[in-house]
Amino acid sequence: MTEHHEKRLALITGASRGLGAALAETLSTQGWHVVAVGRTLGALEELDDRIQAKGGSATLATMDITKDDAMRHLCRDIHDRWGRVDLWAHTAIHAPPMSPADHIALKDWDKCVAINMRATGFLIPMVAPLLLAAPQRATALFVDDPASTQKFMGAYGASKSAQMALARAWAAECVKTGPRVLVEACAPMPTATRARFFPGEDRSKLTPCMTEAERLVALI
């Protein structure tokens, strides 16, 4: 545990798969200790195996970011154990099935609002004090998706746009005070989210998650 205090600490919400998992792996190889948050224990354990195989270290937090009490406990535990967060990468997202705007199921609306909008709005004030406690200026990273504005993506696009508006407002508010808030668009990646929107797509032409993760980590 002592060695973890000496490492920079990254909190990744949505670390089970895709870009979040790739960020966790990339950071761990560069000397960060990663707190990996996701709902799928098996996927987090596989991530941990990959991190350990590369000589890195991670703390797994199997929880749902829409559960307020769970997130409060997580942030309190991080505070009590490490006292700060040096990087928060928020990659958790819900992508419902594609649907015309006049046929979006209410349950899909509710899930998009809960995960993409409300959880982000709840987490920012929870994580901000941990970022401000870092000895050097900490970073919060949000990921924009240019594809979210396309047709049949109304629920995903509307909730993603709201998330981005919140992140950009926070970024503007923190210019002088910190933390540094980055909003970065990523190239199309072969994620499960994209596969739901573009079934049958030639995934070999997409940018690997690890390539985008390395690019984003270089910005930090």
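Residues numbered from 1 in each chain as written. Predicted model: local features only at pLDDT ≥ 70, side-chain atom pairs only at ≥ 80, totals over all residues. Heavy atoms only, no water.

Undergrad: Whenever I open this one, the sheet that holds strand 1 (residues 8–13) confuses me. Can you help?
TA: Strand-to-strand pairing in sheets goes through backbone hydrogen bonds, with the strands running parallel or antiparallel. With parallel pairing, 6 strands are arranged side by side in an open sheet as 3-2-1-4-5-6. The strands lining the two open edges of the sheet, one partner per strand, are strand 3 (57–62) and strand 6 (180–185). Direction aside, the axes of adjacent strands within the sheet are offset by 15 degrees on average. Taken together, the 6 bridges between strand 5 (residues 139–144) and strand 6 define a ladder with parallel strand orientation. Across the sheet, residue Val143 finds its bridge partner in strand 6, namely Glu184. (Pairing = 2+ DSSP bridges. Helix = DSSP H or I, 4+ residues; strand = E, 2+ residues; numbered from the N terminus. Axes fitted to C-alpha atoms, helices over the stretch in contact; angles between N-to-C directions.)

Undergrad: Please explain the environment of Ile124 as it appears in this structure.
TA: Summarising the element assignment, Ile124 is placed in helix 5 (residues 106–132). In contact with Ile124, other than residues within four places in its own chain, are Trp88, Phe142, Leu166 and Trp170. (Contact = heavy atoms within 4.5 Å.)

Undergrad: Help me understand the packing of helix 4 (residues 68–81) against helix 5 in this model?
TA: The angle between the axes and the distance between the axes are what describe a pair of packed helices. Running from amino to carboxyl end, helix 4 crosses helix 5 at an angle of 15 degrees, the nearest separation of the two axes being 10 Å. With respect to helix 5, the axis of helix 4 lies roughly parallel. The crossing of helix 4 and helix 5 is right-handed. In this structure, helix 4 uses Asp68, Met71, Arg72, Cys75, Ile78 and His79 to contact helix 5, whose residues at the interface are Arg118, Phe122, Leu123, Met126, Val127 and Leu130. A breakdown of the residues in the contact of helix 4 with helix 5 according to their chemical character gives 8 nonpolar, 1 polar and 3 charged. (Parallel < 35°, antiparallel > 145°, perpendicular 65-115°, else oblique. Left-handed = near helix turned anticlockwise from the far one by under 90°. Nonpolar A, V, L, I, M, F, W, Y, C, P; charged D, E, K, R; others polar.)

Undergrad: Looking at this structure, I do not really get a nonpolar patch on the surface. What am I missing?
TA: A cluster of nonpolar side chains, Leu106, Trp109, Val113 and Met117, forms an exposed patch at the surface whose accessible area comes to about 340 Å². Here Met117 lies in helix 5. (Patch = residues over 30% accessible without salt bridge, like charges linked within 9 Å, V, L, I, M, F, W, Y side chains within 5 Å. Areas by Shrake-Rupley, 256 points an atom, 1.4 Å probe, with all protein chains shown as cover. Salt bridge = Lys/Arg side-chain N within 4 Å of Asp/Glu carboxyl O.)

Undergrad: Which parts of the structure should I look at to understand the nonpolar core?
TA: Across soluble globular proteins, nonpolar side chains show a tendency to be buried alongside one another. Residues Leu11, Ile78, Trp88, Phe142 and Trp170 are the most contacted members of the largest nonpolar core, which totals 33 residues. Looking at this core, the elements that each hand over two or more residues are strand 1, strand 2 (32–38), helix 4, helix 5, strand 5 and helix 6 (154–173). It is helix 5 that contributes the most residues to this core, 9 residues altogether. Every residue in contact with Trp170, bar those within four places of it in the chain, is listed here: Trp88, Ile124, Ala128, Leu131, Ala140, Phe142, Pro179 and Val181. (Core = buried A, V, L, I, M, F, W, Y, C linked by side-chain atoms within 4.5 Å. Buried < 20%, exposed > 50% of the residue type's maximum accessible area, 1.4 Å probe, protein only.)

Undergrad: Can you help me understand the pairing of strand 1 in this one?
TA: Strand residues, when the strand is regular, have side chains that alternate between the two faces of the sheet. Burial runs high along strand 1: 5 of the 6 residues are buried. Here 6 bridges tie strand 1 to strand 2, and the two strands are oriented parallel to one another. By the bridge assignment, Leu11 is partnered in strand 2 with Val35. Handedness of the strand 1-helix 2 (residues 18–29)-strand 2 crossover: right-handed. Here strand 1 pairs with strand 4 (residues 87–90) via 4 bridges, running parallel. Following the sheet pairing, Thr13 is matched in strand 4 by His90. (Right-handed = clockwise from strand over helix to strand, strands pointing away.)

Undergrad: For this particular structure, what's the right way to read the pattern of salt bridges?
TA: Working definition: two side chains of opposite charge can pair if their charged atoms are close together. On inspection of all chains with the given rule, the structure shows 11 salt bridges. The partner of Arg50 in a salt bridge is Glu25, and the shortest N-O contact between them spans 2.7 Å. In this pair, Arg50 sits in helix 3 (residues 41–53) while Glu25 sits in helix 2, placing the two residues 25 residues apart along the sequence. On the basis of relative accessible area, Arg50 is assigned to the partly exposed category, the value being 32%. Assessed through its relative accessible area of 8%, Glu25 is described here as buried. Residue Arg72 is joined to Asp69 by a salt bridge in which the shortest nitrogen-to-oxygen separation is 2.8 Å.

Read these as spatial facts, not as claims about activity.
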